[in-house]
Amino acid sequence: MVDSFKYLPRIVATFYKMNERQPLHPIPWTPMPRPVSKSKFGLLTSGGLFLKDVQEPFDLAREQAEPTWGDPSYRVIPVEVAQDDIGVSHLHLNTHDIEADFNILLPIHRMQEQVDAGKIGALAEEHYAFMGYQGYPPDVRGWEKVQGPQVARAFLNEGVHCVLLTPA
């Protein structure tokens, strides 16, 4: 079992555990516009992945200093990424297994196998990683107004029909 609050001060973790929050908006249901075998997929994770030696990790130092803040930025992960290229930057999950095989969180290579087998139509050239923790109470205004529309536009520009979200 993953302790999402393991790296937070005990008093902050207790506060989070005692306060159950409901979503602000209903979760929308959108039917698939075409068969999966003819659909292009994009992948999106909230697991804090980044490209080592190319991209900055998510800002964990600020989060440790300000536990009610979470880094709202995102990282672009290319489809041709190799395991050794990936780093994980997240305080709320055990990153050991992800560092051994990032496909458990962002299944680029598994999805490419599905493309090769003809089970899905195509895979986007670029995928996206966020750091899912957004403070408490969560401040998702940046995601709603800036980062979310940017990623959605990028997927649309690439002709993506379906996005698979893999939450951490």
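None of these values were measured; they are calculated from a predicted model.

**Student:** How would you summarise the overall build of the protein if you had to cite specific residues and measurements?
**Tutor:** When helices and strands are counted, the protein shows five helices and seven strands. Listed by position from the N terminus, the elements making up the protein come as α-β-β-α-β-β-α-α-β-β-α-β. Here the C-alpha radius of gyration of the protein, 17 Å, is about what a compact globule of 168 residues would show, namely 15 Å. Taken over the C-alpha atoms alone, the protein extends approximately 50 × 35 × 30 Å along its principal axes. For the protein, the residues scored as buried account for 40% of the 168 residues in total.

**Student:** Which residues make up the pattern of salt bridges, and what are the values?
**Tutor:** Tallying each qualifying case throughout the model produces four salt bridges. A salt bridge links E66 to R62, with the nearest nitrogen and oxygen atoms 3.2 Å apart. Relative accessible area serves as the criterion here: at 36%, E66 is assigned to the partly exposed category. Looking at R62, the relative accessible area reads 34%, which means it is partly exposed.

**Student:** Outline the nonpolar core, supporting the account with residue identities and numerical values.
**Tutor:** Grouped together as the largest cluster of nonpolar side chains are 21 residues, with contacts concentrated most on L49, I77, F102, I108 and L123. When residues of this core are traced back to their parent elements, those giving at least two are β1 (40-45), β2 (49-51), β4 (86-88) and α4 (108-116). Counting residues per element, this core draws most heavily on α4, at three residues. In contact with L49, not counting residues within four places along its chain, are F58, R75, I77, I86, G87, V88, I98, F102, L105, L106 and A129.

Conventions adopted
Residues numbered from 1 in each chain as written. Predicted model: local features only at pLDDT ≥ 70, side-chain atom pairs only at ≥ 80, totals over all residues. Heavy atoms only, no water. Helix = DSSP H or I, 4+ residues; strand = E, 2+ residues; numbered from the N terminus. Rg over C-alpha atoms; globule rule 2.2 N^0.38 Å. Buried < 20%, exposed > 50% of the residue type's maximum accessible area, 1.4 Å probe, protein only. Salt bridge = Lys/Arg side-chain N within 4 Å of Asp/Glu carboxyl O. Core = buried A, V, L, I, M, F, W, Y, C linked by side-chain atoms within 4.5 Å. Contact = heavy atoms within 4.5 Å.

The quantities given are spatial measurements derived from coordinates; they are silent on function.
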